[in-house]
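Below, each chain spelled out in residue letters.
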Amino acid sequence: MKENDLSVVIQEQTRLSWQQFIEQHHQLPLLLSNSQREDLKLALSLSDFVLRCAQQAPQLVIELFSSERVYQQAIPDYESLLQTQLLECETEEQLHRILRLFRLQEMVNIAVADLVLNIDLDESLLRLSNLADALIVGALAWLTNFCQQKWGTPENKLGEALPLLVYGMGKLGGKELNFSSDIDLIFVYPQSGETTGARRVMDNQQFFTRLGQKLITALNQKTADGFVYRVDMRLRPFGESGPIVMTFNAMEDYYQEQGRDWERYAMLKARLIGNSEYHHKLSSMLRPFVYRRYIDFSVIDSLRRMKMMISQEVRRKQLVNNIKLGAGGIREIEFIVQVFQLIRGGRIAELQQRNLLSVLPLLVKYQEITQDSKQVLENAYRFLRRVENILQALDDKQTQTLPDDELNQQRLLAVLKINNWQDFLTILHQHMKGVHDQFITLIGVESPNHQAEDEHWSTLWQSQWEDDECVTWISQHCSFWQAHRVWKLLSEFRQETNKRSLGARGRQVLDKLIPLLIWHLQREHAEELVLTRVIIVLNKIVTRTAYLELLFENEGALKHLIKLCRASSWVTEHIAIYPILLDELIDPQLLNNPPALSSYQSELRQSMLRIPEEDLEAQMDVLRQFKQAQQLRIAASDISGVLPVTKVSDHLTALAEAIVAEVINLAWQQMSVRYGIPESCAANGHKGFAVIGYGKMGGIELGYSSDLDLVFLHDSLLDECTNGPKPVLAKQFYMKLAQRIMHIFNTRMTSGILYELDMRLRPSGNSGVLVVHIDTFADYQRQDAWTWEHQALVRARVVYGNSDISEKFIHIRKSILTRLRDADKLKQDVVTMRDKMRTHLDKSTATHKDIKQAKGGLVDIEFLAQYLVLKNSSNKPAIMQFSDNIRIFERLAQFAFISDVQKTILITSYCALRDQGHRAVLQNENQLLLNETFQHYAEPVAKIWGELMSGVE
């Protein structure tokens with residue numbers, strides 16, 4: 001290339017670059033011949049990188065020309081050249097300097113050959129790749145010896161020394177390295193073991209981790225002499241969260257169990273650098289992961305999606321004039337070739353090659369593409385890779401974007417020997433259009449995935465972008481989200497899943513499910529909180545592929561999960577703790593249609609009949625699963641508006657009653673096998689046992705997280721015994737029965753406890769026996785019970801028991817509640833107890849009121865009902881018939897003990913506050929309301945309290 005042939009811009013740059021160089025090093029050019037000097041001048045003008053190197057290490061650059069090495073056509077033996085220089089190296093600092101200066105000189109050599117001497121593309125790529133190999137091998141050999149002197153030699157159990165093996169990925173693996181490429185590496189070693197020959201024994205994993213870290217530093221760290229290569233380790237198993245180095249077996253297990261399609265794609269070009277006796281073994285182990293023995297069309301969709309992500313990235317970064325990632329660029333050529341390798345390579349071993357230009361003619365040979373297609377792709381690839389190398393050699397920058405400044409445009413034209421920029425663009429356009437046409441013909445652009453709408457989110461989920469790029473992407477595609485919060489959730493979830501064993505299928509499904517989930521959340525305008533909740537569930541099920549597939553394949557199930565998580569934190573945590581409940585999401589109609597109140601017991605019985613009678617643990621597990629599944633159905637109906645709050649409580653109470661009955665049957669069966677049953681029970685055919693429900697259980701007002709307030713009664717005869725092989729007194733039998741019931745309810749299993757039981761309302765409270773004779777219960781209520789215990793009796797009813805014992809309890813309750821009472825003392829007792837409760841339990845703040853305990857809240861309404869029943873039942877026994885507050889107030893109004901207006905206020909406020917309490921439980925929030933909201937319901941109640949309870953000091 002003669003100076004007169006260069007553009008004015010290049011001629012001026014030649015003058016400036018040469019002047020800049022000789023001002024500092026005016027003697028050195030005298031060592032060169034005229035032709036060598038002219039080539040150096042041209043190289044300095046065409047490449048800022050060469051100029052910078054000449055300023056930094058002028059002797060090295062001059063020596064290249066003066067020794068004529070720059071003109072040698074044979075590829076240098078980089079490994080031997082570097083080895084010679086490393087012979088005298090004694091410290092890591094010296095190693096770093098030698099590597100960097102060696103790389104500087106050889107890269108200048110390659111740049112001059114590319115820009116000035118016009119060497120073939122194939123030779124240029126091979127030089128770049130061989131140089132990288134030599135630098136990695138040289139650094140690794142020196143560091144291995146260095147580390148062994150410090151920590152010993154790593155060996156296997158047979159005492160054989162083990163090496164660190166380095167995989168070169170991507171273009172390094174294919175020996176197609178570009179001028180300024182990063183190098184993608186994966187480290188692996190053969191076997192576990194320990195080091196020998198040093199003072200302290202070190203585990204092989206620790207040794208090779210330290211060696212790997214030192215190798216990365218030797219290549220990647222920027223010093224005063226620059227760096228060797230930017231090292232990227234993200235392609236290793238588990239990505240950034242994975243160990244730096246793994247054993248052969250661990251790597252094989254990872255790819256077999258968890259390897260994803262993009263990792264198969266990456267491993268196509270994986271090449272072990274250097275030589276060792278282990279190279280062949282490792283390659284053979286991993287080959288089945290990359291090349292399937294069957295014709296594998298499944299990769300096409302995966303690679304389409306990868307191409308779609310790249311296209312998204314091009315748009316995201318507004319990459320114009322990008323010869324790698326743009327339509328028809330280098331990446332599309334690579335995709336075409338590698339798709340056919342992945343599909344056919346398992347059957348056609350000859351296709352198992354890493355170098356693209358070597359594979360292209362084989363695709364014609366095996367009739368995968370035509371000769372014309374091959375020619376279009378090969379010509380374009382050579383042209384685009386040549387342009388790429390020139391662009392990067394201009395300033396040693398990793399770029400594939402065409403320059404927009406005249407100097408670099410003219411430099412590119414000068415090397416390519418093209419007259420003007422428009423002619424270059426025309427040639428470039430022809431090549432890239434030809435490639436893209438081939439891509440559409442051979443691969444296609446449409447993904448068959450049923451949710452192509454989620455492609456923005458696929459791009460995000462699969463990306464390896466910096467955090468700020470991801471945040472920007474989210475904000476661009478969803479304006480109503482706080483992008484940084486959404487990305488923090490997704491990023492942390494992705495990091496967590498990378499550490500866990502999902503298996504190949506699990507990762508594939510997750511990679512499709514997450515973008516689909518985000519798309520649905522965006523479509524529903526869901527808050528960031530909903531994503532938080534769904535991720536709570538996903539974190540629990542992520543290693544269980546069947547559940548991931550359930551949500552991906554059943555869109556209704558995914559949408560229903562989103563709906564439930566949006567409506568309820570309680571439901572979210574419930575599903576997360578008991579993911580078996582996800583099965584219930586398959587049929588949303590089932591969730592929106594709770595069973596009839598009377599059917600809970602029969603459904604539970606059917607479930608229990610499938611379990612062997614002797615398997616108590618399985619029976620207890622089924623009880624818990626049944627409760628959880630039915631509560632989820634009830635909550636779904638609640639959330640969707642199918643059930644009002646009173647009906648929700650009806651269902652939760654009916655469910656609890658069915659479970660109480662089933663638990664008693666289980667406990668009875670177990671006790672009877674050991675002790676027989678009380679003789680009177682054998683005679684009359686019933687259990688002689690009753691369960692009294694108090695509070696919310698008694699009032700048919702259970703919530704989702706309610707305890708069960710219960711009292712156990714029996715009516716056995718005095719000194720009666722059981723009729724079994726180990727007879728005991730009947731009262732002892734009932735005590736053991738109660739203990740067994742408590743055990744079944746309270747035992748904490750993987751599926752949780754059944755219900756919390758509160759037995760404090762039994763006679764004498766916690767100091768009393770667990771189960772009492774009904775006559776003892778009656779005596780206690782008549783003689784020893786406090787007013788507050790009679791208040792509790794207002795909301796008590798039989799939830800389990802035969803007709804005889806049930807009628808006895810109803811009679812006792814009636815006799816107690818219909819007593820004639822001193823009105824003033826009753827009022828004083830009720831008000832005193834209410835004040836005591838409020839003092840100890842009210843959680844109100846300056847801005848929020850306690851739904852239950854604040855003045856005018858739920859407990860005030862309940863106390864009013866209890867007070868009015870105790871005061872007036874002696875006159876009108878009908879008002880004590882029911883145990884639920886709503887029907888109590890209706891009866892009180894019917895007999896004019898309260899006005900219709902008061903009845904309406906009390907029932908309306910009671911239902912509204914209960915509904916607010918339900919909502920708080922579903923959101924796992926404290927049962928507090930803003931003052932203004934609470935007062936809307938509470939003020940009328942407080943007024944009625946004042947009217948009815950006045951006169952108490």
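Remember, it's a predicted structure, so these values are computed and weren't measured experimentally. (Residues numbered from 1 in each chain as written. Predicted model: local features only at pLDDT ≥ 70, side-chain atom pairs only at ≥ 80, totals over all residues. Heavy atoms only, no water.)

1. Concerning the confidence of the model for the protein
Rules: Confidence per residue, as judged by the predictor, is encoded in pLDDT with a range of 0 to 100. Contacts between residues were defined by any pair of non-hydrogen atoms, one from each residue, lying within 4.5 Å.
For the protein, the mean per-residue pLDDT works out to 87, and 94% of the residues sit at or above 70. Under a pLDDT of 50 for its full length, residues 446-452 has, in the predicted model, 17 contacts with residues more than four places off or in other chains.

2. Some thoughts on the pattern of salt bridges
If the charged atoms of two oppositely charged side chains come close together, the side chains can form a pair. Applied cut-off: Note on definitions: salt bridges are taken to be side-chain nitrogens of Lys or Arg within 4 Å of carboxyl oxygens of Asp or Glu.
By the definition in use, this model includes 39 salt bridges. Taking the shortest distance from any N to any O, the salt bridge between Lys397 and Asp395 comes out at 3.4 Å. A single salt-bridge network, built from bridges that share partners, covers Asp122, Lys374, Glu378 and Arg382.

3. What to know about the nonpolar core
To be explicit about the condition: Take the buried Ala, Val, Leu, Ile, Met, Phe, Trp, Tyr and Cys residues and link them wherever side-chain atoms come within 4.5 Å; each set so joined is a nonpolar core. When a residue's accessible area, from a 1.4 Å probe over protein chains only, is under 20% of the maximum for its type it is buried; when over 50% it is exposed; and in between it is partly exposed. A run of DSSP states H or I qualifies as a helix once it reaches four residues; a run of E qualifies as a strand once it reaches two. Both are numbered from the N-terminal end.
In this structure, Tyr167, Leu185 and Phe424 are the most contacted members of the largest nonpolar core, which totals 144 residues. Take this core: its biggest share by element is 14 residues, from helix 7 (residues 121-151). Setting aside chain neighbours within four positions, we find Tyr167 in contact with Asp184, Leu185, Ile186, Val188, Met251, Met267, Ala270, Arg271, Leu272, Leu282, Ser283 and Leu286. Core analysis: the next-biggest nonpolar cluster, separate from the first, contains 111 residues, Leu502, Leu548, Leu623 and Leu702 among them.

4. Some points on the layout of surface pockets
Applied cut-off: Of the two site types, the cavity is a set of points on a 1 Å grid over the protein atoms alone where a 1.4 Å probe fits but cannot get out, and the pocket is an open set with protein on both sides within 12 Å along at least five of seven lines, each lined by residues with an atom within 4 Å of a point. Grid points are joined across faces, edges and corners, and a volume is the space filled by probe spheres set on the points. Residues are grouped as follows: nonpolar covers Ala, Val, Leu, Ile, Met, Phe, Trp, Tyr, Cys and Pro; charged covers Asp, Glu, Lys and Arg; every other residue, Gly included, is treated as polar.
Considered as a void within the structure, the second largest pocket measures approximately 1400 Å³ in volume. Only helix 32 (695-698), helix 35 (787-794), helix 37 (823-841), helix 38 (858-872) and helix 40 (900-922) provide two or more residues apiece to the lining of the second largest pocket. Tallied by class, residues from the lining of the second largest pocket come to 15 nonpolar, 13 polar and 11 charged.

5. Digging into the pairing of strand 8 (residues 689-694)
Here is the rule: Any two strands between which DSSP finds at least two bridges are classified as paired.
Of all the 6 residues making up strand 8, 6 are buried; the element is thus mostly covered by neighbouring parts of the structure. Neither face of strand 8 is exposed, since Phe689, Val691 and Gly693 on one face and Ala690, Ile692 and Tyr694 on the opposite face are all buried. Pairing of strand 8 with strand 9 (residues 708-714) involves 6 bridges; the strand directions are antiparallel. Bridging across to strand 9, Phe689 finds its partner in His714. In this structure, strand 8 lies alongside strand 12 (residues 797-800), joined through 3 bridges in antiparallel fashion. Following the sheet pairing, Ile692 is matched in strand 12 by Val798.

6. Here's the deal with helix 41 (residues 931-949)
Where we set the bar: Given a helix with a known number of residues, its expected span is that number minus one, times 1.5 Å. To obtain the bend at a residue, axes are fitted to the seven residues ending there and to the seven starting there, and the angle between these axes is taken.
Across its 19 residues, helix 41 extends only 24 Å between first and last C-alpha, which sits more than 12% below the 27 Å expected from 1.5 Å per residue. A bend of about 40 degrees at Tyr937 is the largest found in helix 41, and the proline Pro940 appears one to four places after it. Among the residues making up helix 41, those that are buried are Asn931, Phe934, Tyr937, Ala938, Val941, Ile944, Trp945, Leu948 and Met949. Among the structural elements, helix 37, strand 13 (848-850), helix 38, helix 40 and strand 14 (928-930) are those in contact with the buried residues of helix 41.

7. As for the packing of aromatic side chains
Here is the rule we go by: Ring geometry is summarised as follows: Phe, Tyr and Trp rings, the Trp one being its six-membered ring, pair when their centres sit within 6.5 Å, and such pairs are stacked at plane angles under 30 degrees, edge-to-face over 60 and tilted between the two. Our definition puts a charge over a ring when NZ of Lys or CZ of Arg is within 6 Å of the ring centre and also within 35 degrees of the ring normal.
Summed over all chains, the structure comprises 23 aromatic pairs. Taken together, a centroid distance of 4.7 Å and an interplanar angle of 25 degrees make the contact between Tyr189 and Phe208 stacked. With Tyr189 in strand 3 (residues 183-189) and Phe208 in helix 9 (residues 204-220), the pair connects residues that are 19 residues apart, well separated along the chain. Judged by its relative accessible area of 2%, Tyr189 is buried. Both rings, one in Phe383 and one in Phe424, keep their centres 6.0 Å apart while their planes meet at 35 degrees; by these two values the pair is tilted. Within this pair, whereas Phe383 is found in helix 16 (residues 371-395), its partner Phe424 is found in helix 18 (residues 421-442), the two being separated by 41 residues in sequence. Summarising the burial analysis for this pair, Phe383 and Phe424 share the class buried. Counting every residue linked through ring pairs, the aromatic cluster contains Trp668, Phe689, Phe712, Phe733 and Tyr734. Looking at Arg103, its charged tip hangs above the ring of Tyr229, at a distance of 5.8 Å from the centre. When the ring centre of Tyr755 is taken as origin, the NZ or CZ atom of Lys627, which lies over that ring, is 4.2 Å away.

8. Some details on the side chain of Gln902
So the rule is basically this: N or O atoms within 3.5 Å of each other form a polar contact, as long as, within protein, one can give a hydrogen and the other can take it, and as long as residues adjacent in sequence are counted only when both atoms are side-chain atoms.
The residue Gln902 is located in helix 40 in this model. In this structure Gln902 comes out as buried when scored by relative accessible area, which is 13%. In terms of polar contacts, Gln902 uses its side chain to reach the side chain of Glu947, at 2.9 Å. With near-sequence residues (within four places) excluded, Gln902 lies in contact with Ile944 and Glu947.

9. Considering empty space enclosed by the protein
Summed over the entire model, instances satisfying the criterion amount to 3 cavities of 30 Å³ or more. Put simply, the largest cavity is a space of about 40 Å³. Lining of the largest cavity is provided by Arg103, Ser180, Ser181, Phe227, Val228, Tyr229, Arg230 and Asp396. Counted by class, the lining of the largest cavity contains 3 nonpolar, 2 polar and 3 charged residues.

10. Section: the state of the cysteines
Definition in use: Throughout, a disulfide means two cysteine sulfur atoms within 2.5 Å of one another.
Summed over all chains, the structure comprises 0 disulfides. Between Cys721, a cysteine without a disulfide, and Cys681, which holds the nearest cysteine sulfur, the sulfur-to-sulfur distance is 13 Å. Owing to a relative accessible area of 27%, Cys721 belongs among the partly exposed residues under this scheme.

11. Describing the packing of helix 35 against helix 38
As a reminder, the rule being used: Fitting a line to C-alpha atoms yields each axis, with helices limited to the stretch in contact; the angle taken between N-to-C directions then spans 0 to 180 degrees. Roughly parallel here means an angle under 35 degrees, roughly antiparallel means over 145, roughly perpendicular means 65 to 115, and every remaining angle is called oblique.
Interhelical geometry of helix 35 versus helix 38 gives an angle of 100 degrees and a closest axis separation of 9 Å. In this view, helix 35 runs roughly perpendicular relative to helix 38, as classed from their interaxial angle. From helix 35, Thr787, His790, Gln791 and Val794 reach across to helix 38, where they touch Phe863, Gln866, Val869 and Leu870. When grouped by side-chain class, the residues that make up the contact of helix 35 with helix 38 number 4 nonpolar, 4 polar and no charged.

12. Comments concerning helix 18
Using the following cut-off: Throughout, the arc means that of the directions going from the helix axis to the C-beta atoms.
An ideal rise of 1.5 Å per residue puts 32 Å on 22 residues; helix 18 measures up with 31 Å between its terminal C-alpha atoms. All of the buried residues in helix 18 are Trp421, Phe424, Leu428, Met432, Gly434, Val435, Gln438 and Phe439. An end-on view of helix 18 places all buried positions within 165 degrees of arc, on one side of the element. Across helix 18 from its buried face, at more than 90 degrees, point the exposed residues Gln422, His429, Gln430 and Thr441. Where helix 18 starts, the residue carrying a side-chain oxygen 3.2 Å from the main-chain nitrogen of Gln422 turns out to be Asn420.

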